[in-house]
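# Inside the fold
One letter stands for each residue in the lines below.
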Amino acid sequence: MSLTGPMVAAASGKAKQLVILCHGYGSDGNDLIALAPFWQALLPDADFIAPNAPERCDGSPMGYQWFPITRLDPSEIAAGVSGASTVLEAFISGQLAARGLDASQLALVGFSQGTMMALHVGLRMGMPPACIVGFSGALAMPERLPQDIRCRPPVLLVHGEVDDMLPVTRMYMAVRALGAAEVPVEWHVSPGLGHSIDQTGLELGGRFISDAFAGRLAGP
């Protein structure tokens, strides 16, 4: 199975970097590709692409899902990210190869379920991506990370204080697990924000990716 989704080409006309945006449960690529116009001024040499997840969504037939989810059960999430990782890995490899880029020129961005996928795949790549940015998400299988981790790219996690879909405690759990695995991680909680991305999150995410591509972020 190959993934497809909307793309926004590099403003400079030549892609030297790639930003892959993984949407949340029940949404589609059109949702997150909307971030591209906010970030293009900071990232003029980046192509943006937001693949539709591989399955039609059980709970929202007009949208897509990376995997079925009925509750925030750790075993369900673990099985889901493991099952969907192969198709996302293949998509990443294909998109990089098509542009003559390598993982050091890649930023992985996720929202909600897409953050789970970006973290799961990005931390297991043979060559580390430039960075991972996760909005309103969680880290699947934190107990497996010390055994499974293959790289330690800089990570930024942003979460709404009053998120009622994925509580902000999930972000704190991810920060602790990433820190314990010696992954350089930064985080921000947006006061009063629910399951969404606000202007502060957009600005933090854009600057983080820009700094990562420029080599300005400290390694582990």
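Check the entry above for the structure.
Residues numbered from 1 in each chain as written. Predicted model: local features only at pLDDT ≥ 70, side-chain atom pairs only at ≥ 80, totals over all residues. Heavy atoms only, no water.

## Some remarks on the overall build of the protein chain
Filter applied, for reference: A helix here means a DSSP run of H or I that spans at least four residues, while a strand means a run of E at least two residues long, and both kinds are numbered starting from the N terminus. Every radius of gyration here is taken over C-alpha atoms, with the globule rule written as 2.2 Å times N^0.38, N being the number of residues. Burial here depends on accessible area, computed with a 1.4 Å probe over protein chains only, as a share of the maximum for the residue type. Under 20% is buried, over 50% is exposed, and the range in between is partly exposed. Any two residues whose heavy atoms approach within 4.5 Å at even a single point are treated as in contact. All accessibility values rest on the Shrake-Rupley procedure with a 1.4 Å probe; residue burial counts only the protein chains present in the view.
Within the protein chain, the regular secondary structure consists of 7 helices and 9 strands. Scaling as 2.2 N^0.38, a compact globule of 220 residues should have a C-alpha radius of gyration of about 17 Å, and the protein chain matches this with 16 Å. Dimensions of the protein chain, computed from the C-alpha atoms along their principal axes, are close to 45 × 40 × 35 Å. Out of the 220 residues in the protein chain, the part that is buried amounts to 54%. The long-range fraction of contacts in the protein chain, counting pairs at least 24 apart against all pairs at least 6 apart in sequence, stands at 72%. Accessible surface, the protein chain as shown: approximately 9300 Å² in total, 54% of it carbon and sulfur.

## Comments concerning unusual backbone geometry
Unlike most non-glycine residues, S136 shows phi in positive territory, near 50°. Inspection of the secondary structure puts S136 in the loop between β7 (131-135) and α5 (145-148). S136 sits in the buried class, given a relative accessible area of 0%. Positive phi is not limited to glycine here, since E182 has a value of about 65°. On the secondary structure map, E182 appears in the loop between α6 (168-180) and β9 (185-190).

## So, the environment of A118
Position of A118 among the secondary structure elements: in helix α4 (residues 113-122). Each C-alpha atom, one on A118 and one on G100, is 21 Å from the other, the two residues being 18 residues apart in sequence. For A118, the contacting residues outside a window of four places in its chain are L108, V109, G110, L123 and I132.

## Section: the packing of aromatic side chains
Selection criterion: The criterion for an aromatic pair is that two Phe, Tyr or Trp rings (for Trp, the six-membered ring) have centres within 6.5 Å, with stacked assigned to planes under 30 degrees apart, edge-to-face to planes over 60 apart and tilted to the rest.
On inspection of all chains with the given rule, the structure shows 1 aromatic pair. Between Y172 and W187, the aromatic rings sit 5.4 Å apart at their centres with planes inclined by 80°, giving edge-to-face as the arrangement. Here Y172, found in helix α6, pairs with W187, found in strand β9; they are 15 residues apart in sequence, far enough to count as distant. Residue Y172 is classed as partly exposed on the basis of its relative accessible area, which comes to 32%.

## Considerations on the pattern of salt bridges
The following threshold applies: One side-chain nitrogen of Lys or Arg within 4 Å of one carboxyl oxygen of Asp or Glu is enough to make a salt bridge.
Within this structure, the stated rule accounts for 4 salt bridges. Here D148 makes a salt bridge to R124, at a shortest N to O gap of 3.4 Å. Residue D148 is located in helix α5, and its partner R124 is located in the loop between α4 and β7; the two are separated by 24 residues in the primary sequence. On the basis of relative accessible area, R124 is assigned to the buried category, the value being 14%.

## Quick notes on the environment of A107
Secondary-structure assignment places A107 in strand β6 (residues 106-111). A107 sits 47 residues away from P154 along the chain, and the two C-alpha atoms are 10 Å apart. Leaving out residues up to four positions away in the same chain, A107 has contacts with L18, V19, I20, C131, I209 and F213.

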